Amino acid sequence: MLKPLADRVVLEAQEEEEQTVGGIVLASNAKEKSQTGKVVAVGEGQVLENGQKVPMTVKVGDKVLYDKYAGTEVSYDNQKYLVVHEKDLIAVVD
Amino acid sequence: MLKPLADRVVLEAQEEEEQTVGGIVLASNAKEKSQTGKVVAVGEGQVLENGQKVPMTVKVGDKVLYDKYAGTEVSYDNQKYLVVHEKDLIAVVD
Amino acid sequence: MLKPLADRVVLEAQEEEEQTVGGIVLASNAKEKSQTGKVVAVGEGQVLENGQKVPMTVKVGDKVLYDKYAGTEVSYDNQKYLVVHEKDLIAVVD
Amino acid sequence: MLKPLADRVVLEAQEEEEQTVGGIVLASNAKEKSQTGKVVAVGEGQVLENGQKVPMTVKVGDKVLYDKYAGTEVSYDNQKYLVVHEKDLIAVVD
Amino acid sequence: MLKPLADRVVLEAQEEEEQTVGGIVLASNAKEKSQTGKVVAVGEGQVLENGQKVPMTVKVGDKVLYDKYAGTEVSYDNQKYLVVHEKDLIAVVD
Amino acid sequence: MLKPLADRVVLEAQEEEEQTVGGIVLASNAKEKSQTGKVVAVGEGQVLENGQKVPMTVKVGDKVLYDKYAGTEVSYDNQKYLVVHEKDLIAVVD
Amino acid sequence: MLKPLADRVVLEAQEEEEQTVGGIVLASNAKEKSQTGKVVAVGEGQVLENGQKVPMTVKVGDKVLYDKYAGTEVSYDNQKYLVVHEKDLIAVVD
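Remember, it's a predicted structure, so these values are computed and weren't measured experimentally.

### A closer look at the overall build of chain A
Check the secondary structure of chain A and you find zero helices and nine strands. Of the regular secondary structure in chain A, the N- to C-terminal order runs β-β-β-β-β-β-β-β-β. Residue pairs at least 24 apart in sequence account for 63% of intrachain contacts in chain A once pairs closer than 6 positions are excluded. Accessible surface, chain A as shown: approximately 5,400 Å² in total, 49% of it carbon and sulfur.

Below, the structure written as structure tokens:
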């Protein structure tokens, strides 16, 4: 089992094809993009400067939008996961 | 439903045409520009270093001005939204 | 009506011609420049890390000097305004 | 009258000629330089993260040394002033 | 014995071959990568701005994932170790 | 008299020749260098975010080592001084 | 005697030869390197934002590993020392 540390969240990322024309990535505009994933594990939360631990705002099973270029890829049991900091999660999708 | 996290706000952005001459974007001057949007969802607020949560200063339905180049584009139910941090909201338009 | 958020101030900027010779902007020296404006709306003030809100130090009607290159341009009711953070206001002119 | 905001100080700057040879500014060495000015107005002081206002450490009439490249030029009543943050003042000259 | 200071952790890193084609490192994509190691020593924890010491969240013997490019190599008793800050540990692997 | 502000210290710097070969400064290695000076005046100390003033750790007459490239040159009574922040002082030499 | 200020530590550095081939420094890989030294003097500790002084975690006589490129070289009594901040010490070697 993967137990993310501090304010980290383990995500099962949803594959997404980048649109290319002849191999060139097409950036429709300059805005940052988001991507969808499913939360499979959450850390215990960030420690504030006063020693207090901030409770996490997402839970296992949540479908979330996250910043497309955030996170670290992790391989575990022949499956790929993405570990992101909670601050890189944009929204929960109900 | 989209539930933005922390101090984020989901906006329905108002389309705006950039003035171009022969495809070149015309920057009238060096000032930053704002754009208008409607708030469709708000987060629960940012957590301060003392653990306190700051109440959001805008609410669903507010018409707001925001920094033109801020935010992350989000697609949901075949509609595009913009998710921005509260600090990128400039003013409420009454 | 425009209601600026946090520590922002809406200014009616005073137009000022940049001195040019043959279209070249003349920078008399390397110092930063200031410009004059009139305060037309003020926000509720910045929230400190202890949750306290700092009262604004300028009020509607004040004539102020501000950092020439600060702020975001805003159009409202066919008039242009400048929205700046309070920290970009340099002095009140009596 | 000019009333500087926060931790700003209005200075009457003392003109100083830069030594040039054939128009080239001579930098004697890589150290930063200071310049002398007279304090003509002081702000109310900076607000700390705990909401406390720090009293200013200089007063009107003080002759001060300041970082040569700091500050914003301000014109008022046909006279030029320099507005600097208190942190850019180096020393009081008695 | 190696006693790491503050929030540092000494790791026995697991060797990993970078995939190369003709000597060129192959970056499969732009995501950051993680690597696996075993904790052999932990520091006493970081001191917060209020003087409080934060307890470490990993212990000797833990198998951890860490940011591939973090840390400082250390040689001790003819063996190589990696010393990383706790914040560069991504997850504990059970 | 020069009265340095905040956490500043006025030093009488000790002249030191840079070793050159044919006018080229010789950097023996990449380490930062220190230089010796004598403290001639000290400020009242830095104000912390809680409003507390930190007492200075050096006093007039102390011989100190300081970071070679720190500080601002000041001319006073036809003598040159160096004003540095306390944090740029490395050690007191007894 | 050298009395380091704040959270500084005076080290007797252990000389180490960089491996070169024909004068080119050989970087075996991109990791940061550490080096061994002996503590000969310690400062009184860093002052936190609440005014509290953090006790030093190393003492005179400790053999320590430190970040190879940290610190300032100091000459005293015809001997060379290295002064580093405590945060640049990686581990104590028992």
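That covers the picture; the talk isn't over yet.
### Here's the deal with the pattern of salt bridges
The tally for this structure, following the rule as stated, stands at 28 salt bridges over all chains. We note a salt bridge from K3 of chain D to D94 of chain C, for which the minimum N-O separation is 3.8 Å. With K3 of chain D in strand 1 (residues 2–4) and D94 of chain C in the segment after strand 9 (89–93), this pair bridges two chains. K3 of chain D gets classed as partly exposed once you look at its relative accessible area, which sits at 37%. A relative accessible area of 59% means that D94 of chain C is categorised as exposed. Residue D62 of chain G pairs with K59 of chain G through a salt bridge whose shortest N-O separation is 3.0 Å. Taking the relative accessible area as the measure of exposure, K59 of chain G reaches 54% and is therefore exposed.

### What about the relation of the copies chain B and chain C?
For the match of chain B to chain C, the screw axis carries a shift of 0.0 Å, the RMSD comes to 0.0 Å, and the turn is 52°. A different interface surface on each copy is seen, since only 15% of the contact residues of chain B are contact residues in chain C too.

### Examining a negative patch on the surface
The grouping of E49 of chain A, E49 of chain B, E49 of chain C, E49 of chain D, E49 of chain E, E49 of chain F together with E49 of chain G at the surface amounts to a negative patch. Position of E49 of chain B among the secondary structure elements: in the loop between strand 5 (32–42) and strand 6 (63–67). A residue is classified by how much of its surface remains accessible, and E49 of chain B, at 33% relative accessible area, is partly exposed.

### Here's the deal with the interface of chain C and chain D
The partner chain D presents 21 residues to the 20 residues of chain C that form the contact. Interface of chain C and chain D: buried area, both sides summed, is about 1,700 Å²; carbon and sulfur atoms make up 52% of it. Where chain C touches chain D, the interface holds one salt bridge. Looking at the side of chain C that touches chain D, the elements that each hand over two or more residues are strand 5 (32–42) and strand 9 of chain C. Its residues assigned to classes, the side of chain C that touches chain D shows nine nonpolar, five polar and six charged. Summarising the sheet, strand 9 of chain C and strand 1 of chain D pair through three bridges and their orientation is antiparallel. Its bridge partner lying in strand 1 of chain D, V93 of chain C is registered against L2 of chain D.

### Structural notes on the interface of chain B and chain C
Listed by partner, the interface residues are 20 residues for chain B and 21 residues for chain C. In total, chain B and chain C occlude about 1,800 Å² of area from one another, counting both sides; carbon and sulfur atoms represent 53% of this. On inspection of chain B and its partner chain C, the count reaches one salt bridge. Applying the counting rule to chain B against chain C returns eight residue pairs in polar contact (both at pLDDT 80 or more). For the side of chain B that touches chain C, the secondary-structure elements that each account for two or more residues are strand 5 and strand 9 (89–93) of chain B. At five residues, the largest contribution of residues to the side of chain B that touches chain C is made by strand 9 of chain B. Residues of the side of chain B that touches chain C, tallied by class, amount to nine nonpolar, five polar and six charged.

### What about the pairing of strand 9 (residues 89–93) of chain D?
Within a regular strand, side chains alternate between the sheet's two faces. All names here are of chain D. Counting buried positions along strand 9 yields five of five residues, so the element is predominantly enclosed. In this sheet, strand 9 lies alongside strand 6 (residues 63–67) in antiparallel orientation, the contact comprising four bridges. Along strand 9, the bridge assignment pairs Y66 with L89.

### Observations concerning the relation of the copies chain C and chain D
For the pair chain C and chain D, the superposition axis carries a translation of 0.0 Å, the fit reaches an RMSD of 0.0 Å, and the rotation angle comes to 51°. Looking at the interface residues of chain C, only 15% of them are also at the interface in chain D, so each copy uses its own face.

### Points about the environment of L82 of chain A
All names here are of chain A. Counting through the fold element by element, L82 comes out in strand 8 (residues 79–85). Judged by its relative accessible area of 4%, L82 is buried. The sequence separation of L82 and G37 amounts to 45 residues, and the corresponding C-alpha distance is 8.9 Å.

What counts as what
- Residues numbered from 1 in each chain as written.
- Chains lettered and ligands numbered in written order.
- Predicted model: local features only at pLDDT ≥ 70, side-chain atom pairs only at ≥ 80, totals over all residues.
- Heavy atoms only, no water.
- Helix = DSSP H or I, 4+ residues; strand = E, 2+ residues; numbered from the N terminus.
- Contact = heavy atoms within 4.5 Å.
- Areas by Shrake-Rupley, 256 points an atom, 1.4 Å probe, with all protein chains shown as cover.
- Salt bridge = Lys/Arg side-chain N within 4 Å of Asp/Glu carboxyl O.
- Buried < 20%, exposed > 50% of the residue type's maximum accessible area, 1.4 Å probe, protein only.
- Least-squares fit on C-alpha atoms with pLDDT ≥ 70 in both.
- Patch = residues over 30% accessible without salt bridge, like charges linked within 9 Å, V, L, I, M, F, W, Y side chains within 5 Å.
- Lys, Arg positive; Asp, Glu negative; His and termini not counted.
- Charge placed at Lys NZ, Arg CZ, Asp CG, Glu CD.
- Buried area = accessible area lost by both parts, 1.4 Å probe.
- Nonpolar A, V, L, I, M, F, W, Y, C, P; charged D, E, K, R; others polar.
- Pairing = 2+ DSSP bridges.
- Polar contact = N/O pair within 3.5 Å; in protein donor to acceptor, adjacent residues only side chain to side chain.

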